[in-house]
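Coordinates in review
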Amino acid sequence: MLFALAGALVTRGLWPSPAARALTGNPADQALSEWFLAYATRAYRGDFAFVTGALNAPDGVNLLGNASLIGVGILFAPLTLALGAPVTFAVVAGCNLTANATGWYLLLARGAGLHRLAALVGGAFCGFAPGMVSESNGHLHMTAAWLVPPIVWCATRLNPRKGVLLGALVAGQFFLGEEVLFLAAFTLVLFGLAYAATARPRSLARAREALPGLGIAAAVAGALLAYPLWVQFFGAQAARGGAFRPEFYSADVRSFAAISPLSLAGGDGAASLASGPSEYTAFFGAPVLIVALGATVWMWRRPAVLACTVASAVLLALSLGPRVGPYALLDGLPVVDRVLPTRFALAAIPLLAFVLAQAVHAALTQTETLGLLVPVAVVAALVPLAPLPLPTASRPPVPRFFAEGYWHGFAPRDGTIVPVPLPDAQEPQALRWAAATGVAFATPQGRFIGPYGSDGRAAVGIYPRPTALLLRRAVNDGDPPPLTDADRVALRRDIAYWHASCFVLADGQPGAEALKSTLDALLGPGERVADVWVWRARG
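Residues numbered from 1 in each chain as written. Predicted model: local features only at pLDDT ≥ 70, side-chain atom pairs only at ≥ 80, totals over all residues. Heavy atoms only, no water.

**Digging into the pairing of strand 10 (residues 532–536)**
Strand direction decides the pairing type here: strand 8 (residues 500–506) and strand 10, joined by 5 bridges, are antiparallel. Considered in strand 10, the bridge of Ala 506 is made with Val 532. Looking at chain direction, strand 9 (residues 527–529) and strand 10 are connected through 3 bridges and run antiparallel. Residue pairing across strands places Glu 527 opposite Val 534, the latter belonging to strand 10. (Pairing = 2+ DSSP bridges. Helix = DSSP H or I, 4+ residues; strand = E, 2+ residues; numbered from the N terminus.)

Structure (structure tokens):
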């Protein structure tokens, strides 16, 4: 209940009206996430594919190469169908944090046998650390880590039976969040190496016992994920490498000791230490680092505690990126190049939580003199990191033209409707129009990762067509641009390329007058339907 209340507090700003509220820290990814959640409902009618032309029509998008929320979307599809994608987004944002905290609490309390107060402290930090709250700004694929605690439980107790379960859990986490799965696997290997170095005889014996279970887990996961992985890396619209520059998404070493602006004791001054509100991943705060280091020194004879601290230090060093840290040794490796360096800091959260929880447990159960002092010190270090509600702001409602079904008279189901201006990587809000219909029609362009970089490498979005550029110029200039015969020829070609049925301009769009004048000149006078202007495509 405590974790659920905390999750509701963090997402409080969305609840007055989820469809009319947006996260100010990352409204673009929220709009895209809502599209993905709406698209997942198509699976309930047997109409779902890993590569879809419903976005970036007609080329399509490889969903497995994007943070497409496939698992989350299918699990929550009944809610989306009943109340809409914005409500599902708000629910998932809070539930992810709550489920993560609960899972780690259960693992620490029952799996590791820690005192309940110690497990509560560790679980709360795992679920609501500044990095997790920050990623809730539109990155639901990074907070959907519910299966990581059971994965860790199986991995630390491997036998043939648990190997089957581990393989199934790995496959499940792949569809919840592939980047989280990679970070979890990487961290487990890192911890295992550190543990082996500190408890060699015991660890070698345990490794031999675990090998059969590990082989079974690999076989089960491989069988379940063989086709999805092939589609992701070799299927249509597959892209090579990462779409984001690791130098830009690297942690600042000063952020380790800073308090996140999204925390109780934070301030806006620390915001400059990260690439944006969604990447405050390394803001642990000096008090937590000092207490964790002190706890390690106190319990240095415990191999698990020492291994967690060593692994955490390595992960934080990797988060510094290729210019400063050892990430340069991994940069460019397959799969690794798709992980933002700063997110390695997220993987350190459970490790530090275990150190803190072990300290509280030891103080409460094994010493009288430190029975109260250590828990108070740990809690005092964590209180400044208590999460604040995510900042939100109002956003325009979805036009009634889409919400009330008027669009059916202008385009067939799964036909292409062109929003004006077209959605792109910087401004994808028009994707909400399709999401409101359950993605019943296709949209050109949009915000996604596809093979549109140099030599087919990954890039965000697609190069715009001439008509898209023309309409964007009208918005930027505030006046309709002069039209030429070449513009009209390009329009006909773009209509044919998109298989467009109509163009739609909603009320309140920036540059609406200029856009309307431009389309009137290109396609003839538009039709006023509900709260939009519509132009039937005439190729």
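Next comes the rest of the account.
**Here's the deal with the pattern of salt bridges**
What the rule picks out here adds up to 14 salt bridges. In this structure, Asp 252 and Arg 254 form a salt bridge, with 2.8 Å as the shortest nitrogen-oxygen distance. Residue class for Arg 254 comes out exposed when judged on its relative accessible area of 55%. What emerges from the salt-bridge pattern is a single network uniting Glu 135, Glu 179, Glu 279 and Arg 343. (Salt bridge = Lys/Arg side-chain N within 4 Å of Asp/Glu carboxyl O. Buried < 20%, exposed > 50% of the residue type's maximum accessible area, 1.4 Å probe, protein only.)

**Focus: the nonpolar core**
Core analysis: the largest hydrophobic core is formed by 142 residues, its most contacted members being Trp 35, Val 72, Phe 125, Phe 401 and Val 504. Broken down by element, this core gets its largest block of residues, 17 residues, from helix 15 (residues 344–366). If we ignore the near neighbours within four places in the chain, the residues touching Val 72 are Leu 37, Val 92, Ala 144, Trp 146, Phe 175 and Leu 176. Counting 20 residues, the second largest nonpolar core, distinct from the first, contains Leu 470, Leu 491, Leu 505 and Leu 522. (Core = buried A, V, L, I, M, F, W, Y, C linked by side-chain atoms within 4.5 Å. Contact = heavy atoms within 4.5 Å.)

**So, the environment of Gly 60**
Of note, Gly 60 is situated in the loop between strand 2 (51–52) and strand 3 (61–62). The contact partners of Gly 60, leaving out residues within four places of it in the chain, are Thr 52, Gly 53, Leu 55 and Gln 237.

**Focus on the sheet that holds strand 9**
Strand order in the open sheet made by the 4 strands is 5-8-10-9, with mixed pairing throughout. Looking along the sheet, the strands with just one partner apiece sit at the ends: strand 5 (416–419) and strand 9. The average undirected angle you get between the axes of adjacent strands in this sheet is 35°. Bridge count between strand 5 and strand 8: 4 bridges; the pairing is parallel. When the bridges of strand 8 are listed, Ile 417 appears paired with Cys 502. Where helix 20 (residues 485–498) meets the sheet, its contacts fall on strand 5 and strand 8, and the angle it forms with strand 8 comes to roughly 105°. (Axes fitted to C-alpha atoms, helices over the stretch in contact; angles between N-to-C directions.)

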